[in-house]
Amino acid sequence: MRRIVANLLCEDELARAFGPPLRVRASPSRAALATASRLAPRLRVFAREGDHLWTPESGPLRELSAADEVLAWCETPDAWAHRGGPRPPVAFSLDAPLYELLWNLPTPEPSAVAAVHHRSFHLQVAEEIGCALPGARMVASPAELERALRGFTRSWVVKAPFSAAGRDRYIARTGQALSDAKARRTVERLFEHHGALLFEPWMERTADFGVSALLTPSELRIVGLHGQKVERKGQFAGIDLRPELPTEDRERLLETVHAVAAALRRSGYVGPFGIDAWSYRGWDGESVLNPLGEINARMTFGLVEWALAERGSGRGRDGPPSRRES
């Protein structure tokens, strides 16, 4: 029996396992659990008849009987333990259909996943390739945030180190310092729950994009570039596999994927990953591409949509465009 582990709230588990030993740790809301369970069935694109699907509302993964094979959305400690360690190495080709290939990819250790999933890793890579947003930095306390805000007059955001889909963050759309007690308490709770936070200027986004890829110790397959439909609060709303994007921006995104892949490989990560990117209205009013808004060291819904398109076409490796690089 094979099991697909749709641990879509993996950031919460990574925070519990690898974050600082904090006194307070928030639990996923009912809304987050419901959203995860609603989206989880899309991972059936990787299934064959008889496979089982686990969702966050199914109960503790550790209480289930062992599976012969496990495919996880993200290689968290629970998913790793459920499989009984890394996936045994098998021969495979990166040109294989995605719905088969994902079951054969090498698996990263959860500690490596946590290291590259952390916002500080994203910031480090963005700084290395020259696309970090102006003023972006990690802040360890409310006092350090106040210092970062001195002379800062524009909108800003702080994000938990392990977070996704617009969760666990605070946006100050009116700019400058924490202006009221409610806002201050919200930010203080983020520090209490998560430790250091990523501080960035908040930009007016005009379009969202992503790139899905697969990484082995020696090869990189760029599966495809897609547009993302994102709600105002940052929550995922859909995928467009044929986004309109200038050639220059498209090439910039592909270059960024190569840079991210090299950084991931140096940190011991292999497997599926994706980057989020977005265009925004700069302070001078011009449209700017931010080619690295986020690194997702796991499956992404862009990858799922490419697999759905590939499987639906019945064309296997001749399905949606993909790019494989050494």
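Note that the structure is predicted; figures quoted are calculated from it, not measured.

The next subject is the state of the cysteines. Evaluation of the coordinates by the stated rule reveals 0 disulfides. A disulfide-free cysteine, Cys 74 has its sulfur positioned 3.7 Å from the sulfur of Cys 10, the nearest such atom.

Between its first and last C-alpha, helix H8 (residues 181–194) extends 20 Å over 14 residues, near the 20 Å set by a 1.5 Å rise per residue. For H8, the set of buried residues is Ala 183, Val 187, Leu 190, Phe 191, His 193 and His 194. Of the surrounding secondary structure, the elements contacted by the buried residues of H8 are strand E4 (137–139), helix H7 (142–149), strand E5 (156–159), strand E6 (169–172) and strand E7 (197–201). The distance from a side-chain oxygen at the start of H8 to the backbone nitrogen of Lys 182 is 3.1 Å, and the residue carrying that oxygen is Asp 180. Looking one or two places after H8, you find Gly 195, whose phi comes out positive at around 80°.

Spatially, the 3 strands line up as an open sheet ordered E2-E1-E3, and their pairing is parallel. Edge positions in the sheet fall to strand E2 (52–54) and strand E3 (69–72), since each of these pairs with one other strand and no more. Across the sheet, the axes of successive neighbouring strands diverge by a mean angle of 20°, strand direction being ignored. Bridge count for strand E1 (residues 2–5) against E3 is 4 bridges, and the pairing is parallel. Within the sheet, the bridge partner assigned to Arg 2 lies in E3 and is Glu 69.

Our next topic: the pairing of E6. The alternating pattern of E6 places Arg 169 and Ile 171 on one face and Tyr 170 and Ala 172 on the opposite face, and all of these are buried. Where E5 and E6 come together, 4 bridges link them in antiparallel fashion. What sits directly across from Val 158, in E6, is Tyr 170.

On to the environment of His 118. Examined against the element boundaries, His 118 turns out to sit in the loop between helix H5 (110–117) and helix H6 (119–129). For the pair His 118 and Ala 297, spaced 179 residues apart in the sequence, the C-alpha separation amounts to 9.5 Å. Beyond its immediate stretch of four places on either side in the chain, His 118 contacts Met 138, Pro 161 and Phe 162.

Here is what the cut-offs are and how they apply
Residues numbered from 1 in each chain as written. Predicted model: local features only at pLDDT ≥ 70, side-chain atom pairs only at ≥ 80, totals over all residues. Heavy atoms only, no water. Disulfide = S-S within 2.5 Å. Helix = DSSP H or I, 4+ residues; strand = E, 2+ residues; numbered from the N terminus. Expected span 1.5 Å × (residues − 1). Buried < 20%, exposed > 50% of the residue type's maximum accessible area, 1.4 Å probe, protein only. Contact = heavy atoms within 4.5 Å. Polar contact = N/O pair within 3.5 Å; in protein donor to acceptor, adjacent residues only side chain to side chain. Pairing = 2+ DSSP bridges. Axes fitted to C-alpha atoms, helices over the stretch in contact; angles between N-to-C directions.

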